[in-house]
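As a plain string of letters, each chain reads:
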Amino acid sequence: MGRRTILPFGPQHPVLPEPIHLDLILEDEVVVEAVPSIGYIHRGLEKLVEKKDFQEYVHVAERICGICSFMHGMGYCMAVERTMGVKVPERAEFLRTVWAELSRVHSHLMWLGLLADALGFESLFMHCWRLREYVLDIFDMTTGGRVIFSVCKLGGVRKDISRETMMKILDTFDKIEGGIKEITRVFTADASVSHRLTGLGALTGEDARSLGAVGPMARASGVGEDARAAGYAAYPYVKFGVQTDTAGDCMARVKVRTGEIFEAIGIIRQCAELMPDGPTDTKVTGFPSGEAFARLEQPRGEVLYYVKGGGTKFLERFRVRTPTFANLAALLEMLKGVELADVPALVLTIDPCISCTER
Amino acid sequence: MKYAKKSPWILHYDGSSCNGCDIEVLACLNPLFDIERFGAINTGNPKHADILLITGAINEQNISVVKQLYEQMPNPKAVVAVGVCAATGGIFKDCYNMIGGVGEAIPVDVYVPGCASRPEAIIDGVVKALDKIK
C-alpha cells in the first residue's frame, strides 16, 4: 500500500467551468476515494417561489441553468399547467419540442467541445464550438436570445416560427450535418482520443441502475430509459430511437451523445413537417392549486419538477431533481481506482451542470 | 489601427451564475469571436492572470474563494463583472443565500450588462479593463 495524500480538486480549476470541490484521496497516483463538497453556486431559488408570482417565476426557472434553460422553463410550465388543468395548443407543443431539441443539439456540441478541451485537443474544441454557433444563430433568429431566451410561458410559447424560418433552420442543419459527422468520426476513430476514453470509468448497467444514474450516463451502460419515450409535448407524434451502448465507459457516453445529436436533428425535421397551424398560446386564468409532477428528458438526463400551489399567486413549494445530482453518486463510484490524470476527463463525461445541481 | 498595450491573460471564475454567462465567456474563445486574436488567453492560474472575469453573484460559500483568487493575482489587475447577477445579484437578489454583486467582495472595474451577456459585450468589457492595467 502506498502513501495516502489528499489532493484538493476545485472549486476553481482550469478544467471546470463551474465550481465544485472534490477532495481526492490518492494512493500514489490512484484515486481511492473522492469526497465532494458543494454549495458554491447554491442560490436557494426554490424558496423564491414564495416571493415571486407564479407567472413571473418562469423566468427564474429558466435560470436554474443557462445551458438547458429552455427545458427548465418548459418543465416548470408543464408542472404548473397540470395543476391548473391548462391545455396547451398543439402548435405550441410542437414549437416547444423544436426548441427543446435545438437545446439538446447545442448542449451536446458544447459538451463534446469541453471534453476535447479537457483532453488537450484544442482544434477539436474549436470545431465543436464553431458548429454550435450555427445552432445559437437559430436561437437568435427565432427568439432574439443566444442562451437564455424566455420564450416559454404558461399556456404556450411567446413566439412563433414561420414556415420560411423553419425552412432556414432545416437548411442550416443540412449544412452542418456533415461537419457533425466529421467530428463524430474524429471522436470515435482518432487514436489519441480513443486512448484517453476507451475503458475509462466503466459503469455496469446494474450499477447504473442501483446508483440512480440517468440520461446518457445510464444509456451508455445499457439502461435504455428516456423520459421522451413516456410522451410529453409533441414527442408522441414523432419517431426517434433511444440511443444506447453497452460498454459503459467514457467512449460509450461520447457515442450515445453524438447519436442523440442526429436523433434530435431528425426530430426537428419531423416536427417541421407535422406542425399544425393554430394558436401558439392559450389564456391562463386563476391560480394553481394542488400538486403536480412533470418529468422530461434534458440533454443530461431525466429531470423532475414538483410544484404545490395553494390557490394564491405564490406557489407553496417547488422542487427540482436535476440529472447531474442523480449522476454524482455514479461519478463518485467511478472515480475509485482511476489514475489522477484521468480525473478531469472522467468528471466531464457525466456532463456536470453544477448550477442545476445546487440551484 | 490601435494596438492594445498588453495581451491580457484572463482568469474566469463562476460565482453563482446560471451558466448562461459562463458559456458566453467560453464562446469568446471560439473561432467566431476569437478573443485570442488580441493575445488574450484563458488561464486557470490566478498567479498568471491580469484580468479576473467573474460571472454570477456572491453567496455565503464562494465569497472567500473570490477574495482569495483576487488576492493571489499580481498587480496591476482588473476585475470585470459579467452579467446582471455579478452587478447586483440580478434575478436571484431576493434568494436567502445571496449576498449581492461582486462589488460586495472585491473592487470591480468594469460591469458588463446583459442576461446573459453577449460575447461581443464581454470582449468590449475586457478591452475597457485593459485601460486599468496599463
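Residues numbered from 1 in each chain as written. Chains lettered and ligands numbered in written order. Predicted model: local features only at pLDDT ≥ 70, side-chain atom pairs only at ≥ 80, totals over all residues. Heavy atoms only, no water.

## Topic: the pattern of salt bridges
In a structure, side chains of opposite charge can pair up when their charged atoms sit close to one another. All names here are of chain A. Tallied over the full model, the rule gives 29 salt bridges over all chains. Notably, a salt bridge pairs Arg219 with Asp226, separated by 3.8 Å at the nearest N-O pair. Just as Arg219 is buried, Asp226 falls in that class too. Each of Glu101, Arg104, Arg219, Asp226, Arg228, Glu260 and Glu297 takes part in salt bridges that share partners, so that together they form one network. (Salt bridge = Lys/Arg side-chain N within 4 Å of Asp/Glu carboxyl O. Buried < 20%, exposed > 50% of the residue type's maximum accessible area, 1.4 Å probe, protein only.)

## Focus: the interface of chain A and chain B
Taken together, the 41 residues of chain A in the interface contact 38 residues of chain B. Of the roughly 3,200 Å² buried between chain A and chain B on both sides combined, carbon and sulfur atoms contribute 63%. Our count for the chain A to chain B interface comes out at 2 salt bridges. Here Arg146 of chain A and Glu24 of chain B are joined by a salt bridge, their closest N and O atoms 2.8 Å apart. At the boundary of chain A with chain B, the tally comes to 11 residue pairs in polar contact (both at pLDDT 80 or more). Where the side of chain A that touches chain B is concerned, the elements lending two or more residues are helix H1 (57-62), helix H3 (90-118) and helix H4 (122-143) of chain A. Sort the elements by how many residues they give to the side of chain A that touches chain B and H4 of chain A lands first, with 7 residues. Grouping the amino acids of the side of chain A that touches chain B by side-chain chemistry returns 21 nonpolar, 9 polar and 11 charged. (Contact = heavy atoms within 4.5 Å. Buried area = accessible area lost by both parts, 1.4 Å probe. Polar contact = N/O pair within 3.5 Å; in protein donor to acceptor, adjacent residues only side chain to side chain. Helix = DSSP H or I, 4+ residues; strand = E, 2+ residues; numbered from the N terminus. Nonpolar A, V, L, I, M, F, W, Y, C, P; charged D, E, K, R; others polar.)

## Topic: the confidence of the model for chain B
Confidence in the prediction of chain B, expressed as mean pLDDT, is 86, and 97% of residues score 70 or more. Taken together, the chains of this predicted complex give a pTM of 0.89 and an interface ipTM of 0.85. (pLDDT = per-residue confidence, 0-100.)

## Focus: the sheet that holds strand E5 (residues 78-82) of chain B
All names here are of chain B. Reading across from one edge, E2-E1-E3-E5-E7 is the order of the 5 strands in this open sheet, with parallel pairing throughout. Since the sheet does not close on itself, it has two edges, and those belong to strand E2 (41-43) and strand E7 (110-112), each with one partner. The average undirected angle you get between the axes of adjacent strands in this sheet is 30 degrees. On top of the sheet, helix H1 (residues 20-27) reaches strand E1 (9-14), E2, strand E3 (51-55) and E5; it is set at about 145 degrees to E3, its chief contact. Contacting E1, E3, E5 and E7, helix H4 (residues 119-130) runs over the sheet at an angle of about 175 degrees to E7. (Pairing = 2+ DSSP bridges. Axes fitted to C-alpha atoms, helices over the stretch in contact; angles between N-to-C directions.)

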